[in-house]
Amino acid sequence: MLRSHRMPKKTQSLLGQIDRAALPVHIAIIMDGNGRWARKRGLPRVAGHRAGINAVREVVEGSAELGVSVLTLYAFSVENWKRPQSEVRMLMKLLKEYLHKEIEAIHGNNIQFRTIGRIDELDSSVQIEIEKAIARTSQNTGMIFNVALNYGGRAEIVDAVNRLLRNGGPTAFQAGGVTEKDFAAYLYTAGLPDPDLLIRTSGELRISNFLLWQIAYAEIWVTETLWPDFGKQHLYDAIIAFQKRERRYGGLSPRLVRTGTK
Ligand code: IPE
Ligand code: IPE
Ligand code: MG
């Protein structure tokens, strides 16, 4: 349900500019800037991660209300293990807390919770909370809320290759090799459409090993806003910008084709 009456005027006006018939089907977000948000306030980094949970709530709710089919959030990369152990421990604790507290609200909104990444390498207490959340929401038919955890784009591709090799790789090879479609079915995102819109907060112009295969033709939108400050208005801003883009997929603009430009 769209609770537009509770929204600030500016957010409401942005919402009015969105064409509901041309929404990105899959939005992926690199949530970045929690540490900088905390540093600006003289707080420990973990305070930034904690504040980032509000932004997660906003985008999950905002995307589901609009009718987006899939939302993927990058929460922890395979490279993030390089951080101090205390920060990693706090991030895992926050994730467990978030799932524990929010799963009923997520379920109540008919959202299906999923994860991508090497979940089996996470602490078993984290795995238990994830399994509970997946099981609780598995029958839901609304938005798919996908969290990338212990995720790496290269790790995903390597995992897909190894799975393919185990599942009759040589047979597939003798039969003429695999197609892009066959290969995509071995990725963590099997069955999901590729992201149409990739958002990164806090200004960094890089991909940081996120969904390398899937973002081949995603439209990229970067904001200076730090993740804990991100809200529905920023999500709407990104979607409005997305809807102004012309996606050509290597072809020609329909405008050019019509006028016969060579
Ligand atoms: C994003 O914020 C959260 C994770 C990567 C887990 P950061 O912790 O990367 O924040 P900055 O980049 O240091 O500001
Ligand atoms: C990307 O953010 C990973 C996640 C959002 C989980 P990082 O802060 O880890 O990325 P880099 O180090 O700036 O590339
Ligand atoms: Mg960062």
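Residues numbered from 1 in each chain as written. Chains lettered and ligands numbered in written order. Predicted model: local features only at pLDDT ≥ 70, side-chain atom pairs only at ≥ 80, totals over all residues. Heavy atoms only, no water.

A.B. asks: Looking at this structure, I do not really get the side chain of Q127. What am I missing?
C.D. replies: Considering the arrangement of structural elements, one finds Q127 in helix α5 (residues 124-137). According to the relative accessible area criterion, Q127 is buried, its value standing at 18%. With sequence-adjacent residues up to four places away left out, Q127 is seen in contact with I119, D120, E121 and L122. (Helix = DSSP H or I, 4+ residues; strand = E, 2+ residues; numbered from the N terminus. Buried < 20%, exposed > 50% of the residue type's maximum accessible area, 1.4 Å probe, protein only. Contact = heavy atoms within 4.5 Å.)

A.B. asks: Teacher, can you tell me more about the site of ligand 2 here?
C.D. replies: Neighbouring ligand 2 are I30, M31, D32, Y74, A75, F76, S77, N80, R83, R200, R206 and S208. A distance of 3.2 Å separates an oxygen atom of ligand 2 from a polar side-chain atom of D32. Measuring from an oxygen atom of ligand 2, one finds a side-chain N or O atom of R200 at 3.4 Å. If one sorts the elements of the shell around ligand 2 by residue count, strand β2 (residues 70-77) sits on top with 4 residues. Split by residue class, the shell around ligand 2 holds 5 nonpolar, 3 polar and 4 charged. (Near = heavy atom within 4 Å. Polar contact = N/O pair within 3.5 Å; in protein donor to acceptor, adjacent residues only side chain to side chain. Nonpolar A, V, L, I, M, F, W, Y, C, P; charged D, E, K, R; others polar.)

A.B. asks: Is there a simple way to explain helix α1 (residues 9-17) in this structure?
C.D. replies: In an α-helix there are 3.6 residues to a turn, and that puts residues three or four apart on one side. Within the span of α1, buried status applies to T11, L14 and L15. Within α1, the buried residues cover an arc of 105° as seen down the axis, which keeps them to one side. Exposed residues pointing more than 90 degrees away from the buried face of α1 are listed as K9, K10 and G16. The elements touched by buried residues of α1 are α3 (45-66) and α9 (232-244). (Arc of directions from axis to C-beta.)

A.B. asks: It is not clear to me how the site of ligand 1 should be interpreted in this structure. Could you clarify?
C.D. replies: Contacts to ligand 1 come from M31, D32, G33, N34, G35, R36, R45, H49, A75, N80, R83 and L91. Here N34 contributes a backbone N or O atom positioned 3.1 Å from an oxygen atom of ligand 1. R45 places a polar side-chain atom, nitrogen or oxygen, 2.8 Å from an oxygen atom of ligand 1. In the complex, the protein chains occlude 86% of the 380 Å² of accessible area that ligand 1 would expose alone. Those elements that provide at least two residues to the shell around ligand 1 are α2 (34-40) and α3. Top contributing element to the shell around ligand 1 by residue count: α2, with 3 residues. Classifying every residue of the shell around ligand 1 by side-chain character gives 3 nonpolar, 5 polar and 4 charged. (Areas by Shrake-Rupley, 256 points an atom, 1.4 Å probe, with all protein chains shown as cover.)

A.B. asks: So what exactly am I meant to see when it comes to α5 here?
C.D. replies: Over its 14 residues, α5 runs 20 Å from end to end, which matches the ideal 20 Å to within 8%, given 1.5 Å per residue. Against the buried residues of α5 lie α4 (85-108), β3 (112-116) and β4 (144-151). (Expected span 1.5 Å × (residues − 1).)

A.B. asks: Which parts of the structure should I look at to understand a nonpolar patch on the surface?
C.D. replies: Where nonpolar side chains cluster on the molecular surface, the patch consists of L205, I220 and V222 and spans about 290 Å² of accessible area. Within the secondary structure, I220 is located in strand β6 (residues 219-222). By relative accessible area, I220 is classed as partly exposed at 45%. (Patch = residues over 30% accessible without salt bridge, like charges linked within 9 Å, V, L, I, M, F, W, Y side chains within 5 Å. Salt bridge = Lys/Arg side-chain N within 4 Å of Asp/Glu carboxyl O.)

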